[in-house]
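What follows is the residue order along each chain.
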Amino acid sequence: MTLAEYRGTYTISTRWEDEDVYGHVNNVKYYSYFDTAVNGYLIRETGIDIRTLPAYGIVAESSCRFQRELKFPLDVVAGLKVTKLGNSSVVYEIALFQGDDPEPAAVGRFVHVYVTGSDRKVTPVPAQIREVLEPLAG
């Protein structure tokens, strides 16, 4: 699996605080990178602040398969795929790449379920979001 296999990308700068006492990015930060990659990609590609939409995605499920460590101060490039674009949910595959290594350091699964802001009822994926995710599906 290489970065070229992902239809979308989002670059994340690592921070000093991301590394733990063992000298590598702590595993919990990988989940933060997934969240940043998905939401940053949506904001960049829609051109709007997705927090202003009447519906937003909540994380219903996430997982991570760690393959090697990430290090500060190198950027992380997240490769994004949509493996399922449902009526009210989106399943992403996210791979984290760093440096010249062609293999990902981690591969994650991230599920957004869309809910209304006022009462948190499940609702369809907003059209603006669906439009930028369709090219990632397949």
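This structure is a prediction, so every number in the text was calculated from the model and none was measured. (Residues numbered from 1 in each chain as written. Predicted model: local features only at pLDDT ≥ 70, side-chain atom pairs only at ≥ 80, totals over all residues. Heavy atoms only, no water.)

Q: Please set out the pattern of salt bridges residue by residue, giving values where relevant.
A: What the rule picks out here adds up to eight salt bridges. Here glutamate 17 ties to arginine 15 by a salt bridge, and the two come within 3.0 Å at their closest N and O atoms. Here arginine 15 ties to aspartate 18 by a salt bridge, and the two come within 3.0 Å at their closest N and O atoms. For arginine 15, a relative accessible area of 40% translates into the label partly exposed. (Salt bridge = Lys/Arg side-chain N within 4 Å of Asp/Glu carboxyl O. Buried < 20%, exposed > 50% of the residue type's maximum accessible area, 1.4 Å probe, protein only.)

Q: Account for the nonpolar core, with residues named and values stated.
A: One finds Leu42, Leu70, Tyr92, Ile94, Leu96, Ile129 and Leu133 to be the most contacted residues of the largest nonpolar core, which totals 31 residues. Those elements that place two or more of their residues in this core are strand E1 (8–12), helix H1 (27–46), strand E3 (76–85), strand E4 (89–98), strand E5 (106–116) and helix H2 (127–133). Take this core: its biggest share by element is seven residues, from H1. Not counting chain neighbours up to four residues away, the residues in contact with isoleucine 129 comprise Leu42, Thr46, Ile50, Leu53 and Tyr114. (Core = buried A, V, L, I, M, F, W, Y, C linked by side-chain atoms within 4.5 Å. Helix = DSSP H or I, 4+ residues; strand = E, 2+ residues; numbered from the N terminus. Contact = heavy atoms within 4.5 Å.)

Q: A description of the packing of aromatic side chains should follow, citing residues and the corresponding values.
A: Per the stated rule, a full pass over the model turns up five aromatic pairs. Look at tyrosine 30 and phenylalanine 66: their rings are 4.9 Å apart centre to centre, the planes differ by 70 degrees, and that puts the pair in the edge-to-face class. Highlighted residues: tyrosine 30 in helix H1 and phenylalanine 66 in strand E2 (residues 55–66), separated in sequence by 36 residues. Taking relative accessible area as the criterion, tyrosine 30 reaches 2% and is therefore assigned buried. The lysine or arginine in question, lysine 81, covers the ring of tyrosine 6, its NZ or CZ lying 4.8 Å from the ring centre. (Phe/Tyr/Trp six-rings, centres within 6.5 Å; stacked < 30°, edge-to-face > 60°. Lys NZ or Arg CZ within 6 Å of the ring centre and 35° of its normal.)

Q: Describe the side chain of serine 88, naming the residues involved and giving the relevant values.
A: Structurally, the position occupied by serine 88 is in the loop between E3 and E4. Apart from residues no more than four positions distant in its own chain, serine 88 is found in contact with His112, Val113, Tyr114, Val122, Thr123, Pro124 and Val125.

Q: Outline the pairing of E4, listing residues and values.
A: Most of E4 sits inside the fold, with ten of its ten residues counted as buried. Neither face of E4 is exposed, since Ser89, Val91, Glu93, Ala95 and Phe97 on one face and Val90, Tyr92, Ile94, Leu96 and Gln98 on the opposite face are all buried. Alignment of E3 against E4, held across nine bridges, turns out to be antiparallel. Looking across to E4, one finds that leucine 85 is bridged to valine 90. In textbook terms, the turn of a hairpin is the stretch between consecutive antiparallel strands, and for E3 and E4 this stretch comprises three residues. (Pairing = 2+ DSSP bridges.)

Q: Let's hear about the side chain of threonine 14: which residues, and what values?
A: Along the chain, threonine 14 falls in the loop between E1 and H1. Look past the residues within four positions of threonine 14 in its chain and what remains in contact with it is Tyr33, Lys71, Phe72, Pro73, Leu74, Asp75, Val76 and Gln98.

Q: Summarise the sheet that holds E1; cite the residues concerned and give the values.
A: With antiparallel pairing, five strands are arranged side by side in an open sheet as E1-E3-E4-E5-E2. Only two strands of the sheet have a single neighbouring strand rather than two, namely E1 and E2. Here the strands of the sheet are splayed against their neighbours by 25 degrees on average, with no regard to which way each runs. Strand direction decides the pairing type here: E1 and E3, joined by five bridges, are antiparallel. Across the sheet, residue threonine 11 finds its bridge partner in E3, namely valine 77. Where H1 meets the sheet, its contacts fall on E1, E2, E3, E4 and E5, and the angle it forms with E1 comes to roughly 120 degrees. (Axes fitted to C-alpha atoms, helices over the stretch in contact; angles between N-to-C directions.)

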